[in-house]
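# Observations on the model geometry
Spelled out, the chains give:
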Amino acid sequence: MSRTRAERFEDLVADEVRRLGRRWGRELARVDFVVEDVPDVDPASDGPVPLGLTEADADGGDVRIVVYRRPVEARADGDRETGRLVRDLLVEEVADLLGLSPESVDPSYDSPDD
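Model, not experiment: these values are computed from the prediction. (Residues numbered from 1 in each chain as written. Predicted model: local features only at pLDDT ≥ 70, side-chain atom pairs only at ≥ 80, totals over all residues. Heavy atoms only, no water.)

## Thoughts on the overall build of the protein chain
For the protein chain, the helix and strand inventory stands at four helices and three strands. For the protein chain, the α and β elements follow one another from N to C terminus as α-β-β-β-α-α-α. Its C-alpha radius of gyration of 14 Å places the protein chain within 12% of the 13 Å reference for a compact globule of 114 residues. In terms of overall dimensions, the protein chain has C-alpha extents of about 40 × 35 × 30 Å along its principal axes. The burial tally for the protein chain puts 33% of its 114 residues in the buried class. Restricting to contacts in the protein chain with at least 6 residues of sequence separation, those with at least 24 account for 62%. On the protein chain, roughly 7,400 Å² of surface is accessible, and the fraction owed to carbon and sulfur atoms is 46%. Across the protein chain, the 16 positively charged side chains and the 29 negatively charged ones have centroids separated by 5 Å. (Helix = DSSP H or I, 4+ residues; strand = E, 2+ residues; numbered from the N terminus. Rg over C-alpha atoms; globule rule 2.2 N^0.38 Å. Buried < 20%, exposed > 50% of the residue type's maximum accessible area, 1.4 Å probe, protein only. Contact = heavy atoms within 4.5 Å. Areas by Shrake-Rupley, 256 points an atom, 1.4 Å probe, with all protein chains shown as cover. Lys, Arg positive; Asp, Glu negative; His and termini not counted. Charge placed at Lys NZ, Arg CZ, Asp CG, Glu CD.)

## Structural notes on the side chain of Arg-69
One can find Arg-69 in helix H2 (residues 69-75). Not counting the four nearest positions on each side in its chain, Arg-69 is found in contact with Arg-5, Ala-6, Phe-9, Val-35, Glu-36 and Asp-37.

## Overview of helix H1 (residues 5-24)
End to end, H1 covers 28 Å across 20 residues, agreeing with the expected 28 Å (1.5 Å per residue, within 8%). On the buried face of H1, the contacting elements are strand S1 (31-36), strand S3 (63-68), H2, helix H3 (79-98) and helix H4 (102-105). (Expected span 1.5 Å × (residues − 1).)

## Things to note about the sheet that holds S3
If you walk across this open sheet you meet the three strands as S1-S3-S2, and the pairing is mixed. With partners counted over all chains shown, the strands left at the sheet margins are S1 and strand S2 (52-56), one partner each. Recorded for the sheet is a direction-independent mean angle of 20° between the axes of neighbouring strands. Here S2 pairs with S3 via five bridges, running antiparallel. For Glu-55, the partnering residue across the bridge sits in S3 and is Arg-64. Across the sheet, H1 touches S1 and S3, and the angle it forms with S1 is around 160°. Across the face of the sheet, H3 comes into contact with S1, S2 and S3 while running at roughly 155° to S3. (Pairing = 2+ DSSP bridges. Axes fitted to C-alpha atoms, helices over the stretch in contact; angles between N-to-C directions.)

Structure follows, in structure tokens:
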């Protein structure tokens, strides 16, 4: 059975979350990773469309990291680049959340896949 483009993207994000979870599982235990199609952006805004977002509860509890599928796919040129972009985006969001450099979170950050 064939999977839709959205399902394949969700699988890609889930794979990256599992990969990061192997190293940072305890730190990411209260983080919910979500895929949404597009961000809610003010049409009058002239800034770049965000690829992702990190939201924390007002009480400092649970955190939600959102990956926006359509902007990521629009920015990437093919499946391989989409995978690299998702990897780097999640690493950047996790690094910001943990107060670390992206290279500390994942040494493969911002490097091409071979």
